[in-house]
Amino acid sequence: MTGSNVGSPSDTGVRLRDGIEIELGDGTTIVADGTRSAGDIALLSHAHGDHLYDDPPESVVCSALTAALAEARREEGGPLSRETVPEIDLRPAGHVAGSRAALITDPDTGVRYCYTGDISTRDRFYLPGFEPPDADVLILETTYGSPEYVFPNQSEIEAEIVEWLGRTMDRPVLLFGYSLGRAQKLQLLARRADRSRVLVWKAITRINSVMTFPSTPSARGPRPTWRPAIPSYSRRERTTSRSSIR
Ligand SMILES: [Zn+2]
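Only a predicted model underlies this, so the values are computations on that prediction, with no experimental measurement involved.

Definitions and limits used
Sequence positions are assigned chain by chain, starting from 1 and proceeding in written order. Only residues with pLDDT of at least 70 get local features here, since the model is predicted, and only at 80 or more are side-chain atom pairs given and counted; chain-wide, interface and lining totals rely on the full set of residues. The helix count covers DSSP runs of H or I at least four residues long, the strand count covers runs of E at least two residues long, and both are numbered beginning at the N terminus. With C-beta atoms placed from the backbone, a residue counts as buried when 20 or more other C-beta atoms lie within 10 Å of its own, as exposed when 12 or fewer do, and as partly exposed for counts between those limits. We call two residues in contact whenever the C-beta atoms placed from their backbones are within 7 Å. The convention used is that axes are lines fitted to C-alpha atoms, helices contributing only their stretch in contact, and that angles between N-to-C directions extend from 0 to 180 degrees. Every angle not falling under 35 degrees, over 145, or within 65 to 115 is termed oblique; those three ranges are roughly parallel, roughly antiparallel and roughly perpendicular. Note: crossing handedness is left-handed where the near helix turns anticlockwise from the far helix by less than a right angle, and right-handed where it turns clockwise. Each residue is assigned to one of three groups, with Ala, Val, Leu, Ile, Met, Phe, Trp, Tyr, Cys and Pro labelled nonpolar, Asp, Glu, Lys and Arg labelled charged, and all others, Gly among them, labelled polar. Paired strands, in this sense, are two strands between which DSSP finds at least two bridges. Given the number of residues in a helix, its expected span is that number minus one, multiplied by 1.5 Å. Nonpolar cores are built from buried Ala, Val, Leu, Ile, Met, Phe, Trp, Tyr and Cys residues. These are joined into a set through C-beta atoms within 7 Å. Throughout, the edges of the domains are those of an automatic or database domain assignment.

(A) Representation of the overall build of the protein. The helix and strand inventory of the protein stands at 4 helices and 12 strands. With 246 residues in all, the protein has 33% of them scored as buried. Nonlocal contacts in the protein, meaning residues at least 24 apart in sequence, comprise 50% of its contacts between residues at least 6 apart.

Printed below as a string of structure tokens:
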């Protein structure tokens with residue numbers, strides 16, 4: 001929950017505890033991104049480690065892909081039971097695969113809470129950008145909230161990386177990125193640059209085995225079709241044959 005800074009005026013029913021706790025009019029508590037089971041309803045925005053449970057709750061509101069990724073990252077926790085509840089409407093958050101913001105409507109008071117989790121409003125690769133819904137209470141989180149972070153246009157960044165990957169084709173290069181999120185985007189950029197061999201750490205292989213990727217490397221234009229996960233080499237599975245993330 002990097003960089004979160006939650007104001008907690010008492011009349012909103014929102015508290016920063018182990019995760020974000022939202023108390024509805026009838027006393028029901030929804031706990032978002034807590035490390036342990038607490039509250040009546042558990043909500044999981046995405047499967048990054050700083051949002052993920054230590055012990056799985058009995059059931060959780062999240063996307064199917066987040067559940068699969070969470071299971072892969074918390075293998076010892078076993079299968080995760082998902083549920084849907086009428087108070088919570090999940091919306092694409094644009095952050096990483098499976099990530100969802102939640103629009104929570106209190107059935108008694110009609111107050112609408114928007115809990116974003118990590119979000120991005122940009123369209124990136126296989127992720128449509130977050131579109132904020134109307135809400136009365138906004139619970140916002142971001143890694144790049146400071147005005148000092150102003151990034152170039154997404155397509156410029158991608159083109160710069162692809163150009164560099166092409167220019168360095170005669171040598172191995174190291175790319176760093178979180179195993180869920182940046183690692184998959186870097187693999188797609190490597191594919192776009194025609195880098196034919198990509199070796200990845202086993203944590204990334206585990207994530208890749210769960211995710212599906214678009215058959216086209218760009219989110220621009222028509223929505224891409226989807227296909228099974230990118231095959232890639234883990235460090236243990238090195239081989240001299242041509243790989244590929246195609
Ligand atoms: Zn995150």
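(B) Region of the structure containing the packing of helix α1 (residues 64–73) against helix α4 (residues 202–210). The interhelical angle for the contact between α1 and α4, taken along N-to-C directions, is 150 degrees, at an axis separation of 9 Å. Taken together, α1 and α4 sit at an angle that is classed as roughly antiparallel. α1 and α4 meet at a crossing whose hand is right-handed. Along the contact surface, α1 presents Ala68, Leu69 and Ala72, while α4 presents Arg206, Ile207 and Val210. Classifying every residue of the contact of α1 with α4 by side-chain character gives 5 nonpolar, no polar and 1 charged.

(C) Region of interest: the sheet that holds strand β4 (residues 41–43). The strand order across the open sheet formed by 4 strands is β1-β2-β3-β4, and the pairing between neighbours is mixed. The open sheet terminates on both sides in strands that have one partner only, identified here as β1 (14–17) and β4. Recorded for the sheet is a direction-independent mean angle of 25 degrees between the axes of neighbouring strands. Here β1 runs beside strand β2 (residues 19–23); their pairing, made up of 4 bridges, is antiparallel. Paired with Val14 across the bridge in β2 is Ile22.

(D) Spatial organisation of the packing of helix α2 (residues 154–167) against helix α3 (residues 182–192). It is the contact of α2 with α3, at a shortest axis distance of 9 Å, that shows an interaxial angle of 60 degrees. By the angle between their directions, the pair α2 and α3 is classed as oblique. Relative to α3, α2 is oriented so that their crossing is right-handed. Contacts between α2 and α3 involve Glu158, Ile161, Val162 and Leu165 on the former and, on the latter, Leu189, Ala190 and Arg192. Residue classes in the contact of α2 with α3 are distributed as 5 nonpolar, no polar and 2 charged.

(E) Representation of the sheet that holds strand β8 (residues 137–141) in the model. Here 4 strands make up an open sheet; going across it, the order is β5-β6-β7-β8 and the pairing mixed. This sheet does not close on itself; its edge strands, each paired only once, are β5 (88–92) and β8. Adjacent strand axes in the sheet meet at a mean angle of 15 degrees, parallel and antiparallel pairs treated alike.

(F) Structural view of α3. Turning to α3, its buried residues number three or more, namely Ala183, Gln184, Lys185, Gln187, Leu188, Leu189 and Ala190. Positive backbone phi, at 60 degrees, marks Asp194, one or two positions downstream of α3.

(G) Quick look at α2. In this model, α2 (14 residues) spans 20 Å end to end at C-alpha, consistent with the 20 Å of a helix rising 1.5 Å per residue. Counted residue by residue, α2 has 1 buried out of 14 residues, so it is predominantly exposed.

(H) Here's a closer look at unusual backbone geometry. One non-glycine residue with positive phi stands out, namely Phe125, at about 50 degrees. Within the secondary structure layout, Phe125 lies in the loop between β7 (112–118) and β8. Despite not being glycine, Asp194 shows a phi value in the positive range, around 60 degrees. Tracing the backbone shows Asp194 in the loop between α3 and β9 (199–200).

(I) Local environment of the environment of Ala102. Tracing the chain through its elements places Ala102 in strand β6 (residues 100–105). Spatially, the C-alpha atoms of Ala102 and Asp89 are 5.6 Å apart, while their sequence positions differ by 13 residues. Those residues within four positions of Ala102 in sequence are excluded, and the remaining contacts are Ala32, Leu43, Ile88, Leu90 and Tyr115.

(J) Examining the nonpolar core more closely. Leu43 and Tyr115 are the most contacted members of the largest nonpolar core, which totals 42 residues. Of all the elements in the fold, those that place two or more residues in this core are β2, β3 (29–32), β4, α1, β6, β7 and α4. Here this core gets 4 residues from one element, more than from any other, and that element is α1. A domain split of this core shows at least three residues from each of domain 1 (10–141) and domain 2 (154–237). If we ignore the near neighbours within four places in the chain, the residues touching Leu43 are Ile30, Val31, Ala32, Val60, Val61, Ile88 and Ala102.

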